[in-house]
Amino acid sequence: MKHRHEIESGRTSTATTHLMGFRSTGEPIGGKDTVRGNKRKSEDEVAREAYRVVTLIDLAGHEKYLKTTIHGVSSGMADYGLIMVNSRQPPTHMTQHHLNLCCSFGIPVIVIFTKIDGCPPHAMKNCKEEVLKLLRAPEIGKKPFAIKNEADLATCMGKLHTLAPLIDTSCVTGQGIELLQKLLFSLPKRRRHENKVKRPFEFLVEDIFNVPGVGAVVSGFVNAGELTVGSNCNVYVGPKDDGTFMKTVAKSAHIARISTQHITAGQSACLAFSLNKELRKKLRRGMVVMKDPPTSTKHFEAEICVLKGEGTTIRRSYQAYVHILNVRQSAFARHIEIVNNNAIAAANHANKKKDDPDGIVLRPGSRAKVQFEFAKRPEYIRPGMRMLFRDGRVRGVGIITGIPQVQSVV
């Protein structure tokens, strides 16, 4: 936990990452630091020693921080989602939201029941029945599969797009923890980032730091391509509020706190830039780092699907908060074109022409092509990116199908 209010309330409010290392035998790397006997091994020690590294992203579970959780799922490039459920009480409505969120992004889920030590049998039975009901619901469509031993682990591998493994754990007695560690070690990589190495370099900025003696440092994810840093490595960072990009030099890079000269697609890394004080202030989360001069846009077209929910009505000029990978900003719906027949006309459709765009209203389950416009500033997006929009609760998902052709501005 990063902040004082998190420690006092016991609730996670920010997205934090932790490295978990495994030896070739599947044994997790832990224990004390070799130099500082009273401290645990640091992340760089774990990364150097590990045969396989699993990155765990801790996201908030409370409804108050749903916005942070959505951004973490959208930009985290997660291979799998671990849904934690307290076995002593039935799952909350937030459990359903988190399951819907993972399914919206096509992320396979693994349900972990916690606090099973001393849990009354009737409470455990009731909790599991409710979770099974959620998983079997049409919008989730997963088959629950209880994991009791290593043979069950082997059975569910490769079938996680249809199965939802269930594991009982207790941090007090340690029951199920070893089985969970074996599951994490044996999970195959789902995203094939190595297939994107030949594409132009694209780095998504997640966080910004000002390191004394180094200067501006950004952390994030290499979404495509590869980069060799150094004094001759010119890159473009942006877009700024006016849609332009800053040309700078990527001086150095770190992966898991270890200095490196080369970063490639699929890695989480930090980059140090040669920027003056004024330009450093213009860095923000949601920017992108490219080798070739990129373009930014305020307008884009997406094919969306409205999720089932209460009171969802979408029409022209509808405003929602849009998440596209690491980009998050309010956007307006400027034009709606129906893809299927689930959209209905407004109540007074009799007085309007059928092709009048103002009369189109989207309901839950509708599919439509929508032209969006960002409310504040241009962003770097491209066709094929997955998007999610919400106005409080999650309202729908979609894929960007096109952006207007504009000249690159540097």
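Above this text you will find the structure in question.
Here the structure is a predicted model, which is why all the values come from computation and not from measurement.

Peer 1: Which parts of the structure should I look at to understand the nonpolar core?
Peer 2: A general tendency of soluble globular proteins is for nonpolar side chains to be buried together. Counting 33 residues, the largest nonpolar core has Phe300, Ile324, Leu362, Phe372 and Met387 as the members making the most contacts within it. Sorting the residues of this core by element identifies β15 (288–290), β16 (299–306), β17 (319–324), β18 (327–338), β21 (367–374) and β22 (386–391) as the ones contributing at least two each. Among all residues touching Phe372, those that are not within four sequence positions of it are Lys298, His299, Phe300, Ala302, Ile304, Ala331, Phe332, Ala333 and Met387. By size, the runner-up hydrophobic cluster in this structure holds 29 residues, among which are Cys102, Phe113, Ala123 and Leu388.

Peer 1: Teacher, can you tell me more about the packing of aromatic side chains here?
Peer 2: Where two aromatic rings form a pair, the distance of their centres and the angle of their planes describe that pair. Under the definition given, this model contains 5 aromatic pairs. Ring centres 5.1 Å apart and planes at 40 degrees place the aromatic pair Phe300 and Phe374 in the tilted group. In this pair, Phe300 sits in strand β16 while Phe374 sits in strand β21, placing the two residues 74 residues apart along the sequence. Take Phe374: its relative accessible area is 1%, and that puts it in the buried class. Consider the rings of Tyr318 and Phe389, whose centres lie 6.3 Å apart with planes at 75 degrees: the pair is edge-to-face.

Peer 1: Which parts of the structure should I look at to understand the packing of helix α3 (residues 66–75) against helix α4 (residues 93–104)?
Peer 2: Helix packing for two helices is described by the angle between their axes and how far apart those axes are. Their axes nearest at 11 Å, the elements α3 and α4 cross at an angle of 25 degrees. What the angle tells us is that α3 and α4 run roughly parallel. As α3 runs across α4, the sense of the crossing is right-handed. Within the contact between the two elements, α3 uses Leu66, Thr69, Ile70 and Val73 and α4 uses Met94, His98 and Leu101. Split into classes, the residues belonging to the contact of α3 with α4 amount to 5 nonpolar, 2 polar and no charged.

Peer 1: Looking at this structure, how should I read the layout of surface pockets?
Peer 2: If a probe as big as a water molecule is rolled over the atoms, it shows which places are left empty. If you add up the space inside the second largest pocket, you get close to 700 Å³. Lining the second largest pocket we find 25 residues, and of these Ser104, Glu139, Val306, Leu307 and Lys308 sit closest to its centre. Elements with a contribution of two residues or more to the lining of the second largest pocket: α4, β16 and β23 (393–402). Looking at the lining of the second largest pocket, the element that brings in the most residues is β23, giving 7 residues. Looking at side-chain class alone, the lining of the second largest pocket contains 10 nonpolar, 8 polar and 7 charged residues.

Peer 1: What am I meant to see in the side chain of Asn326 here?
Peer 2: By the element assignment, Asn326 lies in the loop between β17 and β18. A polar contact of 3.2 Å, which involves the side chain of Asn326, links it to the backbone oxygen of Val205. Sequence-distant contacts of Asn326, defined by excluding residues within four places in its chain, comprise His71, Ser75, Leu204, Val205, Glu206, Gly286 and Met287.

Peer 1: Sorry if this is basic, but what is going on with unusual backbone geometry here?
Peer 2: For residues besides glycine, phi is generally negative; the peptide bonds are generally trans as well. Put simply, Gly238 and Pro239 share a cis peptide bond, and its omega is 5 degrees. Tracing the backbone through its elements, the reader meets Pro239 in the loop between β10 (234–238) and β11 (246–255). Here the phi dihedral of Ala256 falls at roughly 55 degrees; this positive angle occurs in a residue that is not glycine. Position of Ala256 among the secondary structure elements: in the loop between β11 and β12 (258–260). When its relative accessible area of 24% is taken as the criterion, Ala256 is described as partly exposed. Even without being a glycine, Leu325 presents a positive backbone phi close to 50 degrees. Within the secondary structure, Leu325 sits in the loop between β17 and β18.

Peer 1: How do you make sense of empty space enclosed by the protein when you look at a structure like this?
Peer 2: By the definition in use, this model includes 1 cavity of 30 Å³ or more. What the largest cavity holds in volume is close to 40 Å³. Lining the largest cavity, in full, are Leu204, Gly286, Met287, Val288, Ile324, Asn326, Val327, Tyr380, Ile381 and Met385. Residue classes in the lining of the largest cavity are distributed as 8 nonpolar, 2 polar and no charged.

Peer 1: Can you help me understand the sheet that holds strand β5 (residues 143–146) in this one?
Peer 2: Adjacent strands of a sheet form backbone hydrogen bonds with each other and so pair up, either parallel or antiparallel. The parallel open sheet is built from 4 strands, whose spatial order is β3-β4-β6-β5. Of all the strands in the sheet, the pair left with one neighbour each is β3 (81–86) and β5. The average angle at which neighbouring strand axes cross in this sheet is 25 degrees, direction not considered. Pairing analysis gives 4 bridges linking β5 to strand β6 (residues 163–168), with the strands arranged parallel. Of the residues in β6, the one forming a bridge with Lys143 is Leu163. Contacts between α4 and the sheet are confined to β3 and β4 (109–114), with β3 contributing the most and set at about 170 degrees to the helix. The sheet strands contacting helix α5 (residues 121–136) are β3, β4, β5 and β6, and the helix crosses β4 at an angle near 170 degrees.

The rules behind these values
- Residues numbered from 1 in each chain as written.
- Predicted model: local features only at pLDDT ≥ 70, side-chain atom pairs only at ≥ 80, totals over all residues.
- Heavy atoms only, no water.
- Core = buried A, V, L, I, M, F, W, Y, C linked by side-chain atoms within 4.5 Å.
- Buried < 20%, exposed > 50% of the residue type's maximum accessible area, 1.4 Å probe, protein only.
- Helix = DSSP H or I, 4+ residues; strand = E, 2+ residues; numbered from the N terminus.
- Contact = heavy atoms within 4.5 Å.
- Phe/Tyr/Trp six-rings, centres within 6.5 Å; stacked < 30°, edge-to-face > 60°.
- Axes fitted to C-alpha atoms, helices over the stretch in contact; angles between N-to-C directions.
- Parallel < 35°, antiparallel > 145°, perpendicular 65-115°, else oblique.
- Left-handed = near helix turned anticlockwise from the far one by under 90°.
- Nonpolar A, V, L, I, M, F, W, Y, C, P; charged D, E, K, R; others polar.
- 1 Å grid on protein atoms, 1.4 Å probe; cavity = no way out; pocket = protein on both sides within 12 Å on 5 of 7 lines; lining within 4 Å.
- Points joined across faces, edges and corners; volume = space filled by probe spheres on them.
- Polar contact = N/O pair within 3.5 Å; in protein donor to acceptor, adjacent residues only side chain to side chain.
- Pairing = 2+ DSSP bridges.

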